[in-house]
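Here's the letter readout for the chains.
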Amino acid sequence: MGGGQVEEQFKSVKSAVLQFLSIDKGVTRQLQSGILSDIRVTPDAHANSLIVTASEKSMDLIEALIQNLDRPTNTVSEIKVFTLEHADASQMVQQLNALFNSQQQGGGNQGQQRQLLGMILANADDASSSLVPLKFSVDTRTNSVIAVGSGDALRVVEAIMLRLDESDLRARKNMVVRLNNSPATQIAQAVTLFFQQQRDLTLTADPNLTSNVEQLEREVIVIPDTISNSLLVSSTPRYFPDILAMIKKLDSVPKQVVIQALIVEVQLNNTDEFGIELGLQSPVLFQRSVLDAPTILTTTTTSVTGLQTTSQSILSQTGSPGFNFNNPGIPLGNNISSSPGLVGGQSLSNFSLGRTNSQLGYGGLVLSAGSEAVNVLLRALAANRKLSILSRPQIRALDSQLAEVFVGQTIPTVTSFNTNATTGVLSPILTQRETGIGMQVTPRINDDGNIVIQLYAYRSQLSQETVTVTTDSRGVAVGQRITDLSNVRSTVLVPSNSTIVIGGMISSRDESFTRKAPLLGDLPVVGSLFRYDSRSSIRTELLIFLTPRIINGPEEEECLKEIEMGRIHFIESEAEEAHGPLRAIPAEGDVFEEEHLPWVQPGAVLTPNPSMPPTYPSSPSIAIPPPPPELPDTPPAPGQPGIPPVPPQPDPNLTRISASRLQATEGNDAAGGISTANWTTPAKAKKRGLFTKRTTEPTR
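Only a predicted model underlies this, so the values are computations on that prediction, with no experimental measurement involved.

Here is what the cut-offs are and how they apply
- Residues numbered from 1 in each chain as written.
- Predicted model: local features only at pLDDT ≥ 70, side-chain atom pairs only at ≥ 80, totals over all residues.
- Heavy atoms only, no water.
- Pairing = 2+ DSSP bridges.
- Helix = DSSP H or I, 4+ residues; strand = E, 2+ residues; numbered from the N terminus.
- Axes fitted to C-alpha atoms, helices over the stretch in contact; angles between N-to-C directions.
- Contact = heavy atoms within 4.5 Å.
- Polar contact = N/O pair within 3.5 Å; in protein donor to acceptor, adjacent residues only side chain to side chain.
- Parallel < 35°, antiparallel > 145°, perpendicular 65-115°, else oblique.
- Left-handed = near helix turned anticlockwise from the far one by under 90°.

> When you look at the sheet that holds strand E5 (residues 78-83) in this model, what are you seeing that I'm missing?
Read from one edge to the other, the open sheet built from 3 strands follows the order E5-E7-E6, with strand pairing classed as antiparallel. Sheet topology places E5 and strand E6 (135-139) at the edges, where each strand pairs with a single neighbour. The average undirected angle you get between the axes of adjacent strands in this sheet is 20°. In terms of strand pairing, E6 meets strand E7 (residues 144-149) through 5 bridges, oriented antiparallel. Bridge pairing in E7 links Phe-136 to Ala-147. Packing against the sheet, helix H5 (residues 151-164) makes contact with E5, E6 and E7, and its axis sits at approximately 10° to E5.

> Which parts of the structure should I look at to understand the side chain of Ser-182?
Secondary-structure assignment places Ser-182 in the loop between strand E8 (173-178) and helix H6 (184-205). Of note is the side chain of Ser-182, whose polar atom sits 3.1 Å from the backbone oxygen of Leu-250. Excluding anything up to four places from it in sequence, Ser-182 contacts Ile-187, Asn-229, Leu-250 and Asp-251.

> Please explain the sheet that holds strand E19 (residues 426-445) as it appears in this structure.
Within a sheet, each strand pairs with its neighbour through backbone hydrogen bonds, oriented either parallel or antiparallel. The strand order across the open sheet formed by 4 strands is E18-E19-E20-E21, and the pairing between neighbours is antiparallel. Strands with a single pairing partner mark the edges of an open sheet, and in this sheet they are strand E18 (403-419) and strand E21 (477-495). The mean inter-strand angle of the sheet, taken between neighbouring strand axes irrespective of direction, is 15°. In the sheet, E19 pairs with strand E20 (residues 450-471) via 9 bridges, with the strands oriented antiparallel.

> What is the right way to read the packing of helix H3 (residues 89-100) against H5 from this model?
Helix packing geometry: the angle between the two helix axes and the distance between the axes. Two elements in contact, H3 and H5, have axes whose closest approach is 12 Å; the angle formed by their N-to-C orientations is 135°. Classed by the angle they form, the pair H3 and H5 counts as oblique. H5 is crossed by H3, and the crossing has right-handed handedness. In this structure, H3 contributes Met-92, Leu-96, Leu-99 and Phe-100 to the contact, and H5 contributes Val-157, Ile-160, Met-161 and Leu-164.

Here is the structure:
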């Protein structure tokens, strides 16, 4: 530029003087520029040089500035390889990039340039962390993360990755859990349903509160194995102790309960009947009904033209009713060959008396007489019937488990028919139906000793009455017997060892009717000849009792078994020969209640003095006692040598129990008309006491 002219863009620039303090190799210099105006710096990229245009006084200062800026930088990049053990390297890089390389400042090229800068760390030793950008790459083969950045920044990245890689969410613990009491299928369903509902509750409340990693950690797999009654459990180590504790609690030893139901049913039937039927008729009606075969008259007529016509006329036919004519459904004798011009009359009383009772099948006192002119029927009946049914089903069940007992028969019952379209023949369709005594219970034992019982008890039997269900192709009625059923279905709360009435019904039915001739049946004394009176009453009583008993140990179990065995009549020795021991072997020392009575083992000899301990044979391994001494012809006096050992005396408590049981048994037999007081069982069929000591007979 010449002539001292200044461009317009520099006219508004203010002039200034700059001072710079330069320290180079311990030498300090203070430089001052001239008036800073019209200074130009042009870069040369090929030569990596700067072309500076300035005043001579300012050139030293500008040179010092360029030399200070052209020094080697302290910013150093480091490369580290992090090998992950549990986490996925690709997901880790995505997380780190989202954490460190996603913030932009400014816009355009300046924003892109600042995005490449590193992060500012507090208490960093150098400024390289804010100048060197962080870069990450993945090595899939080794599951490693390659990171590039400053040392301080890489230490922060390493701490983050170690924290995220410290637990293996994919590692699961597997175990086979053997169940002792509960079915594996039910326990598996309960545990799986519990964790599933717990997971659904968390997702329903707020899905953002639970990450995918946490959802994966909460996944619990429980598979039942019904053959070994075991559970295959797979879970993360975090939830595994809770699952095992839950399974152990659900598989605890369940309590047992014995449920006894008593069904008492009494039916009283009373029937009283008295009736007379009279019949009077003319003897001519009887004569008109005694011919066995009809008489036919054949007549042939010839007309004028020679046409012959043959006609037949019935002169007589088989007549009825004969002697027993008290039936209005049978017509009068109509044989026209017997006195056709004589009028015969008939009068009778008909009350459907019959010779038998239609429901009972018998008639009681039946008096009947008849002739050609008179027919009389008299029937009197007084019937009393008492039916007592005592059913006592008993069953033992686990807590909250269904139990069922049934004693009876399976009877085929017609449910429907198939009709042949061509022949019209009916083919019955049969279904097996159980008839007898049964009970279904599901007990639930509470901690306070009460029992919640879902009960269904029933008793069914075939009645003698029938009902018509259809008719066959010939019009004959097809009947089926009626089933009498008594049942109860209920859910009750019962204390243990208590008896309650869970259901019952008392019904009474009285029926009476009178059939008589008007006016004549109301006459005193003779009115009975013209009437039929019937009275019947049915009273039914049904009660169902329930008694549950919780079994708390083997002692109560043995006690209950003794009580039940005392209620039935059977030969215990024969039962044990076929089945084995029916009673549990008592522990030594529990046989006698008195502690001072010693236990005498087989092979021991009990001395007369109770204070002396019993003596044993020389060889304790052989439980065979020595042979008893031969007895003299004359019995020795007490206290002399030769007295045989005194056998052990029976326990008075056991004797009292046996006597009570025998008295109760004889009392029950006497009530039923059976006496067992003088009956002696054979040697092989004698009952044992409450506890039996078995000894070996001596060998001779």
